[in-house]
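The chain contents come next:
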Amino acid sequence: METAIQKVQGQLRMVFVALVRATIDTDPGEVFNSFVRSDLTKMSTLAEKIGGDVHDQMLAFEEAVEAETGIISYAASVSMPSRDDLIAKCEPLTDCADDAVEYNRDCDPNDPKKHHFQALADLSTMLGWVVAPNAVKHVKEYNQVIDLECDNILSNFIQLNCDPVHSDYATAIKGFTKQLHDYVVEYHPAGLRWNYLRGAAPEGYHLKKKVKARKDAHPFLDFLEIIDGPIAAYVYHSELLGGHVAKQSLLVFSAFSKEYELITRAAALDKGAANMSRMYVMPVMYEIAEVAAISEEVDREDPFYLHLKVRHVAFHLSR
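Now for a quick tour of the structure. (Residues numbered from 1 in each chain as written. Predicted model: local features only at pLDDT ≥ 70, side-chain atom pairs only at ≥ 80, totals over all residues. Heavy atoms only, no water.)

Okay, the packing of aromatic side chains next. Under the definition given, this model contains 7 aromatic pairs. Centre to centre, the rings of Phe-35 and Tyr-183 are 5.4 Å apart; their planes meet at 65°, and the pair counts as edge-to-face. Of this pair, Phe-35 sits in helix α2 (residues 28-50) while Tyr-183 is found in helix α8 (residues 164-187), placing the two residues 148 residues apart along the sequence. Overall, Phe-35 belongs to the buried group, its relative accessible area being 18%. Overall, Tyr-183 belongs to the buried group, its relative accessible area being 1%. Within the aromatic cluster, the residues linked to one another by ring pairs are Phe-32, Phe-35, Trp-129, Tyr-183 and Tyr-187. The ring of Tyr-74 carries Lys-89 above its face, with NZ or CZ at 4.1 Å from the centroid. (Phe/Tyr/Trp six-rings, centres within 6.5 Å; stacked < 30°, edge-to-face > 60°. Helix = DSSP H or I, 4+ residues; strand = E, 2+ residues; numbered from the N terminus. Buried < 20%, exposed > 50% of the residue type's maximum accessible area, 1.4 Å probe, protein only. Lys NZ or Arg CZ within 6 Å of the ring centre and 35° of its normal.)

Core analysis: the largest hydrophobic core is formed by 47 residues, its most contacted members being Met-43, Phe-61, Leu-123, Trp-129, Tyr-169 and Phe-176. Residue assignment for this core shows that the elements contributing at least two residues are α2, α3 (52-75), α5 (91-105), α6 (114-126), α7 (135-155) and α8. Not counting residues within four places of it along the chain, the set of residues in contact with Phe-176 comprises Val-36, Asp-39, Leu-40, Met-43, Phe-61, Val-65 and Leu-123. Judged by nonpolar contacts, the second largest core, of 8 residues, contains Val-235, Leu-251, Val-291 and Ile-294. (Core = buried A, V, L, I, M, F, W, Y, C linked by side-chain atoms within 4.5 Å. Contact = heavy atoms within 4.5 Å.)

Now for unusual backbone geometry. In the Ramachandran plot, Asn-161 falls in the positive-phi region, its phi being about 65° despite a non-glycine side chain. Its location among the elements puts Asn-161 in the loop between α7 and α8. Assessed through its relative accessible area of 68%, Asn-161 is described here as exposed. Positive phi values are uncommon outside glycine, yet Cys-162 reaches one of about 55°. Assignment of secondary structure puts Cys-162 in the loop between α7 and α8. For Cys-162, a relative accessible area of 41% puts it in the partly exposed group.

Shown next, in the form of structure tokens:
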């Protein structure tokens, strides 16, 4: 019996960890990367082959894309900040984009690779759709401008020693530009979306379907559904908020797990074994006390103070 209990508890922990930590498939930044990663990899490889300032400019651009990925992920789970705070949050993006643009400013007008620098400078500016008043219009206009610059790269094929690496580079930039345009149109048609993950399960996240218990089912089956369903969902969203809220949610999960253990052990006891039952209740009461203590660690002025009052839910475990 002890081995069976430990085995099921281990399975519960695995489910919990999978629900809370395996968020890569639903991370909005990863969705963005899925659109542009292939062409960005091609651009990076080709720029390295071309070498010189073209490669250096590409390194700055890659950092800008990485910064944009972070902004998209960040925006998905917080409310839109003030204009000043938003600009501050976007500083890593704008700094890297400016670095990429600087290579175009410093380019010799007679350099046969001048359109390489211009195209990537415009593409870096295109990343600014996250703060543009009209995101779709922004990416659409830059899409047209960058296409023209890429055509200019192709028209300079002879001046570039007929090396196909340059035409491939132009094609890769066009591919990235199109993918970025399509991503914004599909996911952010009204501008960068804010706070759309909080309070709603992300795409691909589903609660466990209800299982109809048989009359001879194990007594903890229904309780297992509670842990595997709404409690796991509660912990997931608490992790998005972080801080004391996340800390308390882990204690709530632990309290429910102890309660599950109590139910399982009680099923094997005789009705008259009251002393044994009380012994198993104590760990549950300890966990409940830990849940309640969290709210005492913050001031009433804390914006999440009322969130921490969720501890009252845990008190129902003691009934």
